[in-house]
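One-letter residues, chain by chain:
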Amino acid sequence: MQDRPLVLAHRGASHDHAEHTLGAYLAALEAGADGVECDVRLTADGHLVCVHDRDLRRTASTRGIVSTMDLAELSELDFSSWKHPWADLDDERPDLVEEHGRVLTLRKLFEVCADFDRRIEIAVETKHPTRYGGLVERRVADLLQDFGWDEPGGPARVMSFSHTALQRMERLAPGVQVVQLLEHIPYWPVLRRVVGRDWLVGPGVKLLHESPRLGRSITAAGHDMHVWTVNTDDDLRVCQELGVKAVISDRPAYLLDLLDGQSDQAG
(Lines give C-alpha, C1' and ligand atoms only; values in the text may rest on other atoms or scores of the structure.)
Protein backbone atom coordinates (compact mmCIF):
# COMPACT_ATOMS: atom_id res chain seq x y z
CA MET A 1 0.00 0.00 0.00
CA GLN A 2 1.08 3.56 -0.69
CA ASP A 3 0.92 6.51 1.67
CA ARG A 4 -2.53 7.54 2.85
CA PRO A 5 -4.32 9.61 0.20
CA LEU A 6 -5.81 12.96 1.02
CA VAL A 7 -9.61 12.87 1.41
CA LEU A 8 -11.43 15.78 -0.21
CA ALA A 9 -15.15 16.32 0.32
CA HIS A 10 -17.00 16.25 -3.01
CA ARG A 11 -19.30 19.29 -2.96
CA GLY A 12 -18.99 18.99 0.81
CA ALA A 13 -20.27 15.98 2.75
CA SER A 14 -22.84 15.65 -0.02
CA HIS A 15 -24.00 12.12 0.78
CA ASP A 16 -25.74 13.42 3.90
CA HIS A 17 -26.07 17.15 3.26
CA ALA A 18 -27.24 19.31 0.37
CA GLU A 19 -24.31 19.70 -2.01
CA HIS A 20 -22.33 22.93 -2.20
CA THR A 21 -23.95 24.41 0.89
CA LEU A 22 -21.99 25.84 3.78
CA GLY A 23 -23.59 23.20 6.00
CA ALA A 24 -22.20 20.41 3.81
CA TYR A 25 -18.69 21.85 3.88
CA LEU A 26 -18.66 22.50 7.63
CA ALA A 27 -19.83 18.94 8.26
CA ALA A 28 -16.98 17.60 6.13
CA LEU A 29 -14.34 19.74 7.81
CA GLU A 30 -15.60 18.90 11.28
CA ALA A 31 -15.40 15.20 10.33
CA GLY A 32 -11.71 15.67 9.54
CA ALA A 33 -11.67 15.93 5.74
CA ASP A 34 -8.29 17.01 4.41
CA GLY A 35 -9.93 19.32 1.93
CA VAL A 36 -12.96 20.26 -0.12
CA GLU A 37 -13.99 20.16 -3.76
CA CYS A 38 -16.42 22.51 -5.47
CA ASP A 39 -17.78 23.41 -8.88
CA VAL A 40 -17.98 27.08 -9.74
CA ARG A 41 -20.10 29.18 -12.08
CA LEU A 42 -20.21 32.91 -12.68
CA THR A 43 -23.32 34.96 -11.93
CA ALA A 44 -24.59 37.74 -14.17
CA ASP A 45 -23.02 40.32 -11.86
CA GLY A 46 -19.64 38.60 -11.77
CA HIS A 47 -19.64 36.51 -8.58
CA LEU A 48 -18.26 32.98 -8.43
CA VAL A 49 -20.79 30.65 -6.81
CA CYS A 50 -20.54 26.99 -5.89
CA VAL A 51 -23.17 25.37 -8.11
CA HIS A 52 -22.82 22.31 -10.33
CA ASP A 53 -25.69 22.55 -12.81
CA ARG A 54 -26.22 25.46 -15.20
CA ASP A 55 -29.86 25.68 -14.11
CA LEU A 56 -31.40 25.43 -10.65
CA ARG A 57 -34.19 22.92 -11.14
CA ARG A 58 -32.49 20.14 -9.22
CA THR A 59 -31.04 22.02 -6.26
CA ALA A 60 -33.25 25.08 -5.83
CA SER A 61 -36.55 24.06 -7.47
CA THR A 62 -36.53 26.86 -10.04
CA ARG A 63 -35.90 27.04 -13.77
CA GLY A 64 -33.46 29.92 -13.33
CA ILE A 65 -30.09 29.85 -15.09
CA VAL A 66 -27.13 30.68 -12.86
CA SER A 67 -25.35 32.80 -15.47
CA THR A 68 -28.39 35.03 -16.02
CA MET A 69 -29.06 35.75 -12.34
CA ASP A 70 -27.47 38.20 -9.92
CA LEU A 71 -26.04 37.00 -6.62
CA ALA A 72 -28.83 38.84 -4.77
CA GLU A 73 -31.43 36.81 -6.65
CA LEU A 74 -29.65 33.53 -5.95
CA SER A 75 -29.33 34.46 -2.28
CA GLU A 76 -33.12 34.42 -1.95
CA LEU A 77 -33.32 30.75 -2.93
CA ASP A 78 -33.29 27.64 -0.74
CA PHE A 79 -30.50 25.30 -1.85
CA SER A 80 -30.96 22.64 0.83
CA SER A 81 -34.59 21.52 1.15
CA TRP A 82 -34.43 19.27 -1.93
CA LYS A 83 -32.01 16.96 -0.13
CA HIS A 84 -34.34 16.18 2.77
CA PRO A 85 -37.84 17.23 1.65
CA TRP A 86 -39.55 15.72 4.72
CA ALA A 87 -37.16 17.22 7.27
CA ASP A 88 -39.81 19.61 8.61
CA LEU A 89 -41.75 16.62 9.91
CA ASP A 90 -38.82 15.42 12.03
CA ASP A 91 -39.29 16.79 15.55
CA GLU A 92 -35.82 15.59 16.59
CA ARG A 93 -34.03 17.39 13.80
CA PRO A 94 -31.58 20.04 15.01
CA ASP A 95 -32.45 23.62 14.19
CA LEU A 96 -31.08 24.65 10.82
CA VAL A 97 -28.93 27.71 10.30
CA GLU A 98 -30.42 29.56 7.32
CA GLU A 99 -27.02 30.58 5.95
CA HIS A 100 -26.01 26.92 5.81
CA GLY A 101 -28.61 26.20 3.14
CA ARG A 102 -28.23 29.25 0.89
CA VAL A 103 -26.08 29.78 -2.19
CA LEU A 104 -22.38 29.70 -1.33
CA THR A 105 -19.87 31.99 -2.98
CA LEU A 106 -16.37 30.73 -3.66
CA ARG A 107 -15.02 33.66 -1.65
CA LYS A 108 -17.01 32.55 1.40
CA LEU A 109 -15.78 28.97 1.03
CA PHE A 110 -12.20 30.24 0.77
CA GLU A 111 -12.71 32.32 3.93
CA VAL A 112 -14.01 29.32 5.85
CA CYS A 113 -11.05 27.20 4.76
CA ALA A 114 -8.52 29.96 5.45
CA ASP A 115 -9.90 30.48 8.97
CA PHE A 116 -9.96 26.79 9.89
CA ASP A 117 -7.54 25.58 12.54
CA ARG A 118 -5.53 23.43 10.13
CA ARG A 119 -4.53 23.49 6.47
CA ILE A 120 -7.45 22.73 4.18
CA GLU A 121 -6.85 21.65 0.59
CA ILE A 122 -9.22 23.14 -1.99
CA ALA A 123 -10.05 21.76 -5.43
CA VAL A 124 -12.00 24.16 -7.65
CA GLU A 125 -13.61 22.83 -10.81
CA THR A 126 -14.51 25.35 -13.50
CA LYS A 127 -17.51 24.29 -15.58
CA HIS A 128 -17.51 24.51 -19.37
CA PRO A 129 -18.96 25.39 -21.79
CA THR A 130 -20.25 28.53 -20.15
CA ARG A 131 -21.70 31.87 -21.24
CA TYR A 132 -18.66 33.73 -19.88
CA GLY A 133 -15.90 31.53 -21.32
CA GLY A 134 -12.44 32.38 -20.01
CA LEU A 135 -13.74 35.01 -17.61
CA VAL A 136 -14.42 32.20 -15.13
CA GLU A 137 -10.74 31.26 -14.90
CA ARG A 138 -9.75 34.92 -14.71
CA ARG A 139 -12.04 35.47 -11.73
CA VAL A 140 -10.75 32.31 -10.05
CA ALA A 141 -7.16 33.48 -10.57
CA ASP A 142 -8.00 36.90 -9.11
CA LEU A 143 -9.57 35.30 -6.04
CA LEU A 144 -6.61 33.00 -5.51
CA GLN A 145 -4.34 36.02 -5.65
CA ASP A 146 -6.52 37.82 -3.07
CA PHE A 147 -5.90 34.95 -0.64
CA GLY A 148 -2.22 34.57 -1.50
CA TRP A 149 -2.87 31.11 -2.89
CA ASP A 150 -1.48 31.71 -6.37
CA GLU A 151 2.05 30.67 -5.44
CA PRO A 152 3.54 27.15 -5.49
CA GLY A 153 2.75 25.22 -2.33
CA GLY A 154 -0.64 26.84 -1.82
CA PRO A 155 -3.66 24.78 -0.78
CA ALA A 156 -5.69 25.32 -3.96
CA ARG A 157 -5.74 23.59 -7.32
CA VAL A 158 -8.01 24.14 -10.31
CA MET A 159 -9.66 21.28 -12.18
CA SER A 160 -11.58 21.03 -15.43
CA PHE A 161 -12.60 18.60 -18.15
CA SER A 162 -11.67 21.40 -20.57
CA HIS A 163 -8.02 21.24 -21.60
CA THR A 164 -8.27 24.78 -22.98
CA ALA A 165 -9.56 26.08 -19.64
CA LEU A 166 -6.58 24.57 -17.84
CA GLN A 167 -4.13 26.05 -20.32
CA ARG A 168 -5.78 29.40 -19.67
CA MET A 169 -5.52 28.88 -15.91
CA GLU A 170 -1.84 28.01 -16.20
CA ARG A 171 -1.18 31.30 -18.01
CA LEU A 172 -3.15 33.33 -15.48
CA ALA A 173 -1.72 31.67 -12.36
CA PRO A 174 1.35 29.59 -13.21
CA GLY A 175 1.99 28.82 -9.54
CA VAL A 176 -1.33 26.98 -9.12
CA GLN A 177 -1.56 23.24 -9.77
CA VAL A 178 -4.09 22.16 -12.37
CA VAL A 179 -5.93 18.86 -12.72
CA GLN A 180 -7.02 17.48 -16.08
CA LEU A 181 -10.24 15.65 -15.36
CA LEU A 182 -10.92 12.50 -17.38
CA GLU A 183 -14.38 11.09 -18.03
CA HIS A 184 -13.86 8.56 -20.85
CA ILE A 185 -11.06 6.02 -21.27
CA PRO A 186 -10.50 6.67 -25.03
CA TYR A 187 -9.67 10.32 -24.28
CA TRP A 188 -6.49 9.45 -22.40
CA PRO A 189 -4.20 8.57 -25.36
CA VAL A 190 -4.93 12.02 -26.82
CA LEU A 191 -4.66 13.90 -23.53
CA ARG A 192 -1.47 12.09 -22.62
CA ARG A 193 0.30 13.87 -25.47
CA VAL A 194 -0.89 17.37 -24.53
CA VAL A 195 -1.24 17.64 -20.74
CA GLY A 196 1.47 19.62 -19.01
CA ARG A 197 4.35 17.69 -17.50
CA ASP A 198 3.48 18.85 -13.97
CA TRP A 199 -0.29 18.57 -14.34
CA LEU A 200 -2.31 16.22 -12.18
CA VAL A 201 -4.81 13.88 -13.81
CA GLY A 202 -8.28 13.23 -12.39
CA PRO A 203 -9.98 10.10 -13.72
CA GLY A 204 -13.36 8.96 -12.48
CA VAL A 205 -13.02 5.94 -10.22
CA LYS A 206 -15.32 3.97 -12.53
CA LEU A 207 -12.66 4.22 -15.22
CA LEU A 208 -10.06 2.70 -12.90
CA HIS A 209 -12.40 -0.20 -12.18
CA GLU A 210 -13.08 -0.72 -15.88
CA SER A 211 -9.46 -0.44 -16.97
CA PRO A 212 -6.64 -1.18 -14.49
CA ARG A 213 -4.24 -0.34 -17.32
CA LEU A 214 -5.48 3.25 -17.39
CA GLY A 215 -4.27 4.04 -13.89
CA ARG A 216 -0.90 2.45 -14.56
CA SER A 217 -0.58 4.40 -17.80
CA ILE A 218 -1.28 7.71 -16.07
CA THR A 219 1.28 6.93 -13.38
CA ALA A 220 3.84 5.77 -15.95
CA ALA A 221 3.43 9.10 -17.74
CA GLY A 222 4.59 10.83 -14.54
CA HIS A 223 1.26 12.25 -13.35
CA ASP A 224 -0.15 12.05 -9.84
CA MET A 225 -3.86 11.28 -9.68
CA HIS A 226 -6.80 12.91 -7.91
CA VAL A 227 -9.72 10.51 -8.35
CA TRP A 228 -13.48 11.14 -8.16
CA THR A 229 -15.98 10.07 -6.80
CA VAL A 230 -14.59 7.53 -4.32
CA ASN A 231 -17.38 6.34 -2.03
CA THR A 232 -16.83 2.66 -1.20
CA ASP A 233 -14.14 0.49 0.35
CA ASP A 234 -13.57 -1.13 -3.05
CA ASP A 235 -13.12 2.30 -4.66
CA LEU A 236 -10.58 3.20 -1.99
CA ARG A 237 -8.70 -0.07 -2.42
CA VAL A 238 -8.28 0.47 -6.16
CA CYS A 239 -6.99 3.99 -5.57
CA GLN A 240 -4.52 2.92 -2.90
CA GLU A 241 -3.15 0.15 -5.09
CA LEU A 242 -2.40 2.77 -7.73
CA GLY A 243 -0.82 5.20 -5.28
CA VAL A 244 -3.48 7.87 -5.82
CA LYS A 245 -2.58 11.10 -4.02
CA ALA A 246 -6.10 12.37 -3.33
CA VAL A 247 -9.59 10.92 -3.40
CA ILE A 248 -12.70 13.07 -3.78
CA SER A 249 -15.69 11.62 -1.95
CA ASP A 250 -19.33 12.32 -1.14
CA ARG A 251 -18.66 10.39 2.10
CA PRO A 252 -15.45 11.84 3.55
CA ALA A 253 -16.17 10.67 7.12
CA TYR A 254 -16.70 7.10 5.93
CA LEU A 255 -13.45 7.06 3.97
CA LEU A 256 -11.56 8.54 6.89
CA ASP A 257 -12.92 5.77 9.11
CA LEU A 258 -11.71 3.18 6.59
CA LEU A 259 -8.25 4.73 6.52
CA ASP A 260 -8.12 4.96 10.31
CA GLY A 261 -9.05 1.28 10.49
CA GLN A 262 -6.17 0.42 8.18
CA SER A 263 -3.80 2.39 10.39
CA ASP A 264 -5.03 0.57 13.49
CA GLN A 265 -4.48 -2.80 11.80
CA ALA A 266 -1.02 -1.80 10.66
CA GLY A 267 -0.16 -0.65 14.17
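Below you will find a few notes about this structure. (Residues numbered from 1 in each chain as written. Predicted model: local features only at pLDDT ≥ 70, side-chain atom pairs only at ≥ 80, totals over all residues. Heavy atoms only, no water.)

**Looking at the packing of aromatic side chains**
Then, in step 1: Across all of its chains, the model carries four aromatic pairs by this definition.
Then, in step 2: Between the aromatic rings of Phe-110 and Phe-147, the centroid separation amounts to 5.4 Å while the plane-to-plane angle is 85 degrees, which identifies the pairing as edge-to-face. Placement of the pair is Phe-110 in helix 4 (residues 106–115) and Phe-147 in the loop between helix 5 (135–146) and strand 5 (156–160), with a sequence separation of 37 residues.
Then, in step 3: Exposure remark for Phe-110: the relative accessible area of 0% places this residue in the buried category.
Then, in step 4: Three or more aromatic residues link up through ring pairs in this structure, and these residues are Phe-110, Phe-147 and Trp-149.
Then, in step 5: Its end group placed over the ring of Tyr-254, Arg-251 keeps NZ or CZ at 4.1 Å from the ring centre. (Phe/Tyr/Trp six-rings, centres within 6.5 Å; stacked < 30°, edge-to-face > 60°. Helix = DSSP H or I, 4+ residues; strand = E, 2+ residues; numbered from the N terminus. Buried < 20%, exposed > 50% of the residue type's maximum accessible area, 1.4 Å probe, protein only. Lys NZ or Arg CZ within 6 Å of the ring centre and 35° of its normal.)

**Here's the deal with the layout of surface pockets**
Then, in step 1: Space inside the second largest pocket adds up to approximately 240 Å³.
Then, in step 2: What lines the second largest pocket is a set of 18 residues, among which Glu-121, Gly-154, Arg-157, Gln-177 and Leu-200 lie closest to the centre.
Then, in step 3: For the lining of the second largest pocket, the per-class residue count stands at seven nonpolar, five polar and six charged. (1 Å grid on protein atoms, 1.4 Å probe; cavity = no way out; pocket = protein on both sides within 12 Å on 5 of 7 lines; lining within 4 Å. Points joined across faces, edges and corners; volume = space filled by probe spheres on them. Nonpolar A, V, L, I, M, F, W, Y, C, P; charged D, E, K, R; others polar.)

**A short note on empty space enclosed by the protein**
Then, in step 1: Applying the stated rule across the entire model yields one cavity of 30 Å³ or more.
Then, in step 2: The volume enclosed by the largest cavity comes to roughly 40 Å³.
Then, in step 3: If you go around the largest cavity, the residues you meet are Glu-19, His-20, Cys-50, Val-51, His-52, Thr-59 and Phe-79.
Then, in step 4: Each residue belonging to the lining of the largest cavity can be placed in one class, and the counts come to three nonpolar, three polar and one charged.

**Regarding helix 11 (residues 252–266)**
Then, in step 1: If you check helix 11, its first and last C-alpha atoms are 21 Å apart, about what 15 residues at 1.5 Å a residue would give, namely 21 Å.
Then, in step 2: Taken residue by residue, helix 11 has Pro-252, Leu-255, Leu-256 and Leu-259 as its buried positions. Down the axis of helix 11, the smallest arc covering the buried residues is 100 degrees, so these residues share one side. For helix 11, exposure combined with an orientation more than 90 degrees from the buried face picks out Asp-257, Asp-264 and Gln-265.
Then, in step 3: Tucked inside the fold, the buried residues of helix 11 contact strand 1 (6–10), helix 1 (22–30), helix 10 (233–241) and strand 9 (246–249). (Expected span 1.5 Å × (residues − 1). Arc of directions from axis to C-beta. Contact = heavy atoms within 4.5 Å.)

**Remarks on helix 10**
Then, in step 1: Turning to helix 10, its buried residues number three or more, namely Asp-235, Leu-236, Val-238, Cys-239 and Gln-240.
Then, in step 2: Residues of helix 10 that are buried make contact with helix 8 (205–210), strand 8 (226–228), strand 9 and helix 11.
Then, in step 3: Taken from the residues just after helix 10, Gly-243 is the one with a positive phi, measuring 70 degrees.

**Regarding the pairing of strand 9**
Then, in step 1: Side chains Ala-246 and Ile-248 project from strand 9 onto one buried face, and the interleaved Val-247 and Ser-249 project onto a second face that is buried too.
Then, in step 2: Direction of pairing for strand 1 relative to strand 9: parallel, over a ladder of four bridges. Among the inter-strand pairings, Leu-6 is bridged to a residue of strand 9, identified as Ala-246.
Then, in step 3: In this sheet, strand 9 lies alongside strand 8 in parallel orientation, the contact comprising three bridges. The residue of strand 9 that forms the bridge with Val-227 is Val-247.
Then, in step 4: Regarding topology, helix 10 serves as the crossover connection from strand 8 to the parallel strand 9, and that connection is right-handed. (Pairing = 2+ DSSP bridges. Right-handed = clockwise from strand over helix to strand, strands pointing away.)

**Description of the pattern of salt bridges**
Then, in step 1: This model, assessed by the stated rule, comprises 15 salt bridges.
Then, in step 2: With a shortest N-O distance of 3.8 Å, Asp-39 and Lys-127 are connected by a salt bridge. With a gap of 88 residues between them, Asp-39 in strand 2 (residues 35–42) and Lys-127 in the loop between strand 4 (121–126) and helix 5 connect regions that are remote in the sequence.
Then, in step 3: Here Asp-39 falls in the buried class, since its relative accessible area comes to 1%.
Then, in step 4: Residue classification places Lys-127 among the buried residues on the basis of a relative accessible area of 13%.
Then, in step 5: Linking Arg-168 and Glu-137 is a salt bridge whose minimum nitrogen-to-oxygen distance equals 2.7 Å. In this pair, Arg-168 is assigned in helix 6 (residues 163–172) and Glu-137 in helix 5, connecting sequence segments 31 residues apart.
Then, in step 6: Take Glu-137: its relative accessible area is 0%, and that puts it in the buried class.
Then, in step 7: Several salt bridges share partner residues, and in doing so they unite Arg-11, Glu-19, Asp-39, Asp-53, Arg-58, Glu-125 and Lys-127 into one network. (Salt bridge = Lys/Arg side-chain N within 4 Å of Asp/Glu carboxyl O.)

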